[in-house]
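Here's the letter readout for the chains.
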Amino acid sequence: MGFFILLGIVVVGFAVWQIVDPRGLWRATESWKFRDPDANEPSDVAYGLARIAGVVGIIAVVVCGWLIYDTSRSDNRNADRSPRPMYSSPPFTYPKPSRVDLGAGRMVGYRYPSELTLEFVVLEADSPWQTSCVTGVGVYEHTNAVVVSVSRSFTDFRGESGSSVDEAEQCSDEAPRALTRKLDRPVGNRPILTAAPLVDPVSVGLRFGPRIRPTPLVEVPTPGVVQTQHPVRIDPSWKSVPLLAAE
């Protein structure tokens, strides 16, 4: 904006000079081009046209200056009228899930489909909306036994934490679910023991398997390092996991 103002002042100055003293302007700017300036001086008609051109130049500068000023003022008005937020909302943060351990889960039994695979049937509840009822199975191999742990947990992804009783009630409607676990070595004659409560398979629509564990299908072990196994002290409270009939 400042550049246009300075340019307008210079142009208007020359235009006024051209109107007031066109001869003086010619002598100052053009006469030096001629060896004999007096013999080449413009006529009175030329000076008259120069005065008219000066007037036109001043009018053009005024009009252009007004247009530039009006455009700048309109832009400022529009900027002032731009909508501004009336309030600032806090940034959205996802609720932090809350997890509660519900203690030991309930074991129904196991199947032994192949040498290095055990399929455990446990009770697990359907998860309510935005929550998760999970029953986990851990298998620990020893030289004298295979020990199985069953755990239950409740996770609320809404970030709401209630009493443990309410959370347990939400995971109370349980049904059988099969979870497959891999072994490092075939079970052989080792008992499969657990400290988790046992559920009668018949009560959940399943059947007991044979008393003698059948010979499983041969399974090729997955390549990798096999951890060394050691004997475990068997707790008298551990119970033998029943073998289930194949489906």
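Everything quoted here is computed from the prediction, not taken from an experiment. (Residues numbered from 1 in each chain as written. Predicted model: local features only at pLDDT ≥ 70, side-chain atom pairs only at ≥ 80, totals over all residues. Heavy atoms only, no water.)

**Q** I'd love a proper account of the overall build of the protein chain, names of residues and values included.
**A** Each helix and strand in the protein chain was counted, giving 4 helices and 8 strands. For the protein chain, the N- to C-terminal ordering of α and β elements is α-α-α-β-β-β-β-β-α-β-β-β. A separation of at least 24 residues holds for 75% of the contacts in the protein chain among residues at least 6 apart in sequence. For the protein chain, the exposed surface amounts to about 16,700 Å²; the carbon and sulfur share of it is 60%. (Helix = DSSP H or I, 4+ residues; strand = E, 2+ residues; numbered from the N terminus. Contact = heavy atoms within 4.5 Å. Areas by Shrake-Rupley, 256 points an atom, 1.4 Å probe, with all protein chains shown as cover.)

**Q** Could you give an account of the nonpolar core, naming the residues involved and the relevant values?
**A** Formed by 17 residues in total, the largest nonpolar core has its most connected members in Met-107, Tyr-110, Leu-118, Phe-120 and Ile-192. Breaking this core down by element, the ones donating at least two residues are β2 (107-114), β3 (117-125) and β5 (146-156). If you look at the next biggest cluster of nonpolar residues, it comprises 6 residues, including Val-108, Leu-123, Val-199 and Leu-244. (Core = buried A, V, L, I, M, F, W, Y, C linked by side-chain atoms within 4.5 Å. Buried < 20%, exposed > 50% of the residue type's maximum accessible area, 1.4 Å probe, protein only.)

**Q** Account for the sheet that holds β2, with residues named and values stated.
**A** Taken in spatial order, the 3 strands make up an open sheet running β2-β3-β6, and their pairing is antiparallel. Edge strands, defined here as strands with exactly one partner in the open sheet, are β2 and β6 (174-182). Adjacent strand axes in the sheet meet at a mean angle of 30 degrees, parallel and antiparallel pairs treated alike. As paired strands, β3 and β6 are joined by 9 bridges and run antiparallel to one another. Bridge pairing links Glu-119 to Thr-180 in β6. (Pairing = 2+ DSSP bridges. Axes fitted to C-alpha atoms, helices over the stretch in contact; angles between N-to-C directions.)

**Q** Break down the environment of Ala-145 for me, citing the residues and quoting the values.
**A** Its place among the elements puts Ala-145 in the loop between β4 (131-141) and β5. A residue is classified by how much of its surface remains accessible, and Ala-145, at 0% relative accessible area, is buried. Setting aside anything within four residues of it in sequence, one finds Ala-145 in contact with Tyr-140, Arg-190, Pro-191, Leu-193, Val-232 and Ile-234.

**Q** Quick rundown of the pattern of salt bridges? Include the residues and the values.
**A** Under the definition given, this model contains 8 salt bridges. Between Arg-152 and Glu-174 there is a salt bridge whose closest N-O contact spans 3.0 Å. Of this pair, Arg-152 sits in strand β5 while Glu-174 sits in strand β6, and the two are 22 residues apart along the sequence. Using a relative accessible area of 14% as the deciding quantity, one classes Arg-152 as buried. Salt bridges linked by common partners bring Arg-23, Glu-41 and Asp-44 together as one network. (Salt bridge = Lys/Arg side-chain N within 4 Å of Asp/Glu carboxyl O.)

**Q** How would you summarise the environment of Pro-37 if you had to cite specific residues and measurements?
**A** Here Pro-37 lies in the loop between α2 (22-29) and α3 (44-81). Spatially, the C-alpha atoms of Pro-37 and Trp-26 are 9.9 Å apart, while their sequence positions differ by 11 residues. Apart from the residues lying within four places of it in its own chain, the contact partners of Pro-37 are Trp-26 and Ser-31.

**Q** Tell me about the side chain of Ser-153, and name the residues and values.
**A** Mapped onto the elements of the fold, Ser-153 is located in strand β5. Accessibility expressed as a relative area gives 8% for Ser-153, which makes it buried. Polar contacts involving the side chain of Ser-153 include one to the side chain of Arg-99, which spans 3.5 Å. In this structure Ser-153 touches Arg-99, Val-100, Asp-101, Leu-102, Ser-132, Cys-133 and Val-134, once residues within four positions along its chain are discounted. (Polar contact = N/O pair within 3.5 Å; in protein donor to acceptor, adjacent residues only side chain to side chain.)

**Q** Go over the pairing of β5, please, and point to the residues and values.
**A** A large share of β5 lies buried, amounting to 9 of its 11 residues. For strand β1 (residues 98-104) and β5, the ladder comprises 6 bridges, and the chain directions are antiparallel. Its bridge partner being in β5, Ser-98 is matched across the sheet by Asp-156. By the bridge criterion, 11 bridges tie β4 to β5 in an arrangement that is antiparallel. Its bridge partner being in β5, Glu-141 is matched across the sheet by Val-146. Linkage of β4 to β5, two consecutive antiparallel strands, is achieved through a turn of 4 residues. Relative to strand β7 (residues 192-194), β5 is paired through 3 bridges, and the arrangement is parallel. Note that in β7 the partner of Val-148 across the bridge is Thr-194.

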